[in-house]
Amino acid sequence: MFDLKPLSPEAIPAAIEKATRYRLLNEPSEAESICLDVLRTDPENQQALVILLLALTDRFSRGYGVSDTQAQDLLPRLRGDYERNYYAGILCERKAKAHLHHGGPGTGFNAFELFREAMAWFEKAEKIRPAGNDDALLRWNTCARILARNKLEPRPQESGQLSLE
């Protein structure tokens, strides 16, 4: 309906700062819009990709019918292996928290599986982290504490045998 107005390359640093601020103010839709504008001008801007991914995942537990597909699609666009692993972990962790927040049948089991998947991504990131960067360790510990605090456990395994009685 409307042609979007392009962002000038010189405005990108200020736009990134604004997007970060909107995220911190719990306004992920505004942050998302700004990042999309930045990415129209600079499709490989790593800061915009990360902020966009985080803004999308900020919405998981807010009751929006938000799919993780758009966030998943951003992961391969991140340049480094560490970043791809770390943010894949963030994505899983936030999906797990959303499951806990929304509740319902099987929620604990689903959350457990997603937290464990997040922890596996964080372990991969930990192995290749830059010196002095323990972010993956901090996230892993957070997941471990949430699992313990909420007494989350794996889904019981079915025996696979049918009783003939």
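Note: the structure precedes this text.
Residues numbered from 1 in each chain as written. Predicted model: local features only at pLDDT ≥ 70, side-chain atom pairs only at ≥ 80, totals over all residues. Heavy atoms only, no water.

J.: Just to check I follow, could you spell out the nonpolar core for this structure?
T.: Taken as a class, soluble globular proteins show a tendency for nonpolar side chains to be buried jointly. Val38, Leu53, Leu75, Tyr86, Tyr87, Phe115 and Phe122 are the most contacted members of the largest nonpolar core, which totals 45 residues. At the level of secondary structure, the elements contributing two or more residues to this core comprise helix H1 (12-24), helix H2 (28-41), helix H3 (46-58), helix H4 (69-74), helix H5 (81-102), helix H6 (107-127) and helix H7 (135-149). (Core = buried A, V, L, I, M, F, W, Y, C linked by side-chain atoms within 4.5 Å. Buried < 20%, exposed > 50% of the residue type's maximum accessible area, 1.4 Å probe, protein only. Helix = DSSP H or I, 4+ residues; strand = E, 2+ residues; numbered from the N terminus.)

J.: Hey, could you run me through the environment of Ile16 in this one?
T.: Mapped onto the elements of the fold, Ile16 is located in helix H1. Residue Ile16 is classed as buried on the basis of its relative accessible area, which comes to 6%. Counting along the chain gives 71 residues from Ile16 to Tyr87, while the straight-line C-alpha distance between them is 18 Å. Excluding its chain neighbours within four sequence positions, the residues that come into contact with Ile16 are Val38, Asn45, Gln47, Ala48 and Ile51. (Contact = heavy atoms within 4.5 Å.)

J.: Can you help me understand H5 in this one?
T.: In an α-helix, one turn spans 3.6 residues, which is why side chains three or four residues apart end up on the same side. With 22 residues, H5 extends 32 Å between its outermost C-alpha atoms, agreeing within 8% with the 32 Å of an ideal straight helix rising 1.5 Å per residue. Gly103 sits one or two residues past H5 and shows a positive phi near 70°. (Expected span 1.5 Å × (residues − 1).)

J.: How do you make sense of the pattern of salt bridges when you look at a structure like this?
T.: When the charged atoms of two side chains with opposite charge come close together, those side chains can pair. The final tally for this structure, using the stated rule, is 10 salt bridges. Here Asp58 and Arg23 are joined by a salt bridge, their closest N and O atoms 2.7 Å apart. With a gap of 35 residues between them, Asp58 in helix H3 and Arg23 in helix H1 connect regions that are remote in the sequence. Each member of the pair Asp58 and Arg23 is classed as buried. As a salt-bridge pair, Glu113 and Arg155 come within 3.0 Å of each other at their nearest N and O atoms. (Salt bridge = Lys/Arg side-chain N within 4 Å of Asp/Glu carboxyl O.)

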